[in-house]
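# Fold and contact review
So the chains spell out like this:
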Amino acid sequence: GENVEQHPSTLSVQEGDSAVIKCTYSDSASNYFPWYKQELGKRPQLIIDIRSNVGEKKDQRIAVTLNKTAKHFSLHITETQPEDSAVYFCAANGQNFVFGPGTRLSVLP
Amino acid sequence: DTGVSQNPRHKITKRGQNVTFRCDPISEHNRLYWYRQTLGQGPEFLTYFQNEAQLEKSRLLSDRFSAERPKGSFSTLEIQRTEQGDSAMYLCASSLAGRAQPQHFGDGTRLSIL
């Protein structure tokens, strides 16, 4: 069945460094790939998304890249700040929306 | 606040009882989704509606789970004869119609089964 894998499961970086989270998906019909940030006890919040007709999208310190041939996409956060600490989820719209298991990012001051 | 609204925020009930949760989507959104999220996991898709039509329900966890969206606006998710394993966060999201539209989530209803 459809599946989204996400790595790493936890990530610690020093403030100011970059963070990269990678996801792979199985359903070749997927054409929309959002990323969500979820702080403890709060709702998942959409931070960036990409559609399959583009390979890269950037919004200030956040960027997402997509390789449709390899079925993987990545989230890049530059100049990390303590407030970036949260759990990040990738997702893909196969037959239904499927979320990855999440990456807990800790930005150390 | 014109975001997705869910209530109640918390529900504590005894095993075997029925529970119902409500979701009010963003007003102009045609699609409404229900997810379950357990600790340390990503949201797990349950079902979705486009207007009042339930277009996918095969992922509902068992026949104890049902959802409605009778007038194409708010939706309810009901769990009958609750079990310990039903304890989780139940999230609702809404979007415009189409597969490649961003979904916006509510704060969820946290269900605890005693």
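Above this text is the structure in question.
Scoring rules and cut-offs
Counting restarts for each chain: residues are numbered from 1 in the order of the written sequence. Just so you know, chain letters begin at A and ligand numbers begin at 1, following the order they were written in. In keeping with the predicted nature of the model, local features appear solely for residues at pLDDT of at least 70, side-chain atom pairs appear and are counted solely at 80 or more, and the whole-chain, interface and lining totals rest on all residues. Excluded from the side-chain calculation are hydrogens and water; included are all heavy atoms of the structure. Here, two cysteine sulfur atoms that lie within 2.5 Å of each other are counted as a disulfide. Strands here mean DSSP runs of E at least two residues long; helices mean DSSP runs of H or I at least four residues long; both are numbered from the N terminus. Under the scheme applied here, a residue whose accessible area is under 20% of the maximum for its type counts as buried, over 50% as exposed, and between as partly exposed, the area being computed with a 1.4 Å probe on protein chains only. Any two residues whose heavy atoms approach within 4.5 Å at even a single point are treated as in contact. The term buried area means the drop in 1.4 Å probe accessible area that two parts suffer when joined, counted for both and summed. A carboxyl oxygen of Asp or Glu within 4 Å of a side-chain nitrogen of Lys or Arg is what we treat as a salt bridge. Polar contact criterion, stated in full: a pair of N or O atoms within 3.5 Å, where within protein one must be able to donate a hydrogen and the other to accept it, and residues adjacent in sequence count only if both atoms are side-chain atoms. Working definition: rings of Phe, Tyr and Trp (its six-membered ring) pair if their centres are within 6.5 Å, and the pair is stacked with planes under 30 degrees apart, edge-to-face with planes over 60 apart, and tilted otherwise. Two strands pair under a simple rule: DSSP has to find at least two bridges between them. Axis angles are defined between N-to-C directions and span 0 to 180 degrees, where every axis is a line fitted to C-alpha atoms and, for a helix, only to the segment in contact.

A full pass over the atoms with the stated rule returns two disulfides over all chains. Between Cys 23 of chain A and Cys 90 of chain A runs a disulfide, and the two sulfur atoms are separated by 1.9 Å. The sign of the S-S torsion, about -95 degrees, decides the handedness of the disulfide formed by Cys 23 of chain A and Cys 90 of chain A: left-handed. Separated by 67 residues along the polypeptide, Cys 23 of chain A in strand E3 (residues 19–25) and Cys 90 of chain A in strand E9 (residues 86–93) bring together distant segments of the chain. Here Cys 23 of chain B is linked by a disulfide to Cys 92 of chain B, with a sulfur-sulfur distance of 1.9 Å. Here the disulfide of Cys 23 of chain B and Cys 92 of chain B is left-handed, its torsion about the S-S bond being about -65 degrees. Of this pair, Cys 23 of chain B sits in strand E3 (residues 19–24) while Cys 92 of chain B sits in strand E9 (residues 88–95); the two residues are 69 residues apart in sequence, bridging distant segments of the chain. Across this residue pair, the class does not change: Cys 23 of chain B and Cys 92 of chain B are buried.

Contacts between the two partners involve 21 residues from chain B, matched on the other side by 22 residues from chain A. Interface area lost by chain B to chain A is led by Arg 99, Ala 100 and Phe 105 of chain B, which between them contribute 32%. Here Arg 43 of chain A ties to Asp 107 of chain B by a salt bridge, and the two come within 2.7 Å at their closest N and O atoms. Between the two partners, chain B and chain A, sit nine residue pairs in polar contact (both at pLDDT 80 or more).

Moving on: the packing of aromatic side chains. All names here are of chain B. Here the structure, examined in full by the defined rule, presents 17 aromatic pairs over all chains. On the numbers, 5.4 Å between centres and 40 degrees between planes, the contact of Phe 21 with Tyr 90 is tilted. Pair noted here: Phe 21 is in strand E3 and Tyr 90 is in strand E9, with a separation of 69 residues, a long-range link. The exposure class of Phe 21 is buried, given its relative accessible area of 0%. Aromatic pair Tyr 33 and Tyr 48: ring centres 5.3 Å apart, planes at 15 degrees, arrangement stacked. Of this pair, Tyr 33 sits in strand E4 (residues 31–37) while Tyr 48 sits in strand E5 (residues 44–50), and the two are 15 residues apart along the sequence. Accessibility assignment for this pair places Tyr 33 and Tyr 48 in one class, buried.

A word on the sheet that holds E3 of chain A. Residue and element names in this part refer to chain A. With antiparallel pairing, five strands are arranged side by side in an open sheet as E1-E3-E8-E7-E6. The open sheet has two edge strands, strand E1 (4–7) and strand E6 (56–59), and neither has a second partner. Averaged over neighbouring strand pairs, the angle between their axes works out to 15 degrees when direction is ignored.

Of note, the amide linkage connecting His 7 of chain A to Pro 8 of chain A takes the cis form, showing an omega dihedral of -5 degrees. Within the secondary structure, Pro 8 of chain A is located in the loop between E1 and strand E2 (10–14). The peptide bond linking Asn 7 of chain B to Pro 8 of chain B adopts the cis configuration, its omega dihedral lying at 0 degrees. Even without being glycine, Gln 60 of chain A reaches a positive phi, approximately 55 degrees. In this structure, Gln 60 of chain A sits in the loop between E6 and strand E7 (62–67). By relative accessible area, which is 71% here, Gln 60 of chain A ends up exposed.

With that out of the way, let us pick up the pattern of salt bridges. This structure, assessed with the given rule, holds nine salt bridges over all chains. The salt bridge involving Arg 59 of chain B is made with Glu 2 of chain A; its shortest N-O contact spans 2.9 Å. Of this pair, Arg 59 of chain B sits in the loop between strand E6 (53–56) and strand E7 (65–68) while Glu 2 of chain A sits in the segment before E1, placing the two residues on different chains. Here Glu 44 of chain B ties to Arg 36 of chain B by a salt bridge, and the two come within 3.3 Å at their closest N and O atoms. Among the residues examined, Arg 36 of chain B registers a relative accessible area of 16% and is labelled buried. One salt-bridge network, held together by shared partners, links Arg 43 of chain A together with Arg 9 and Asp 107 of chain B.

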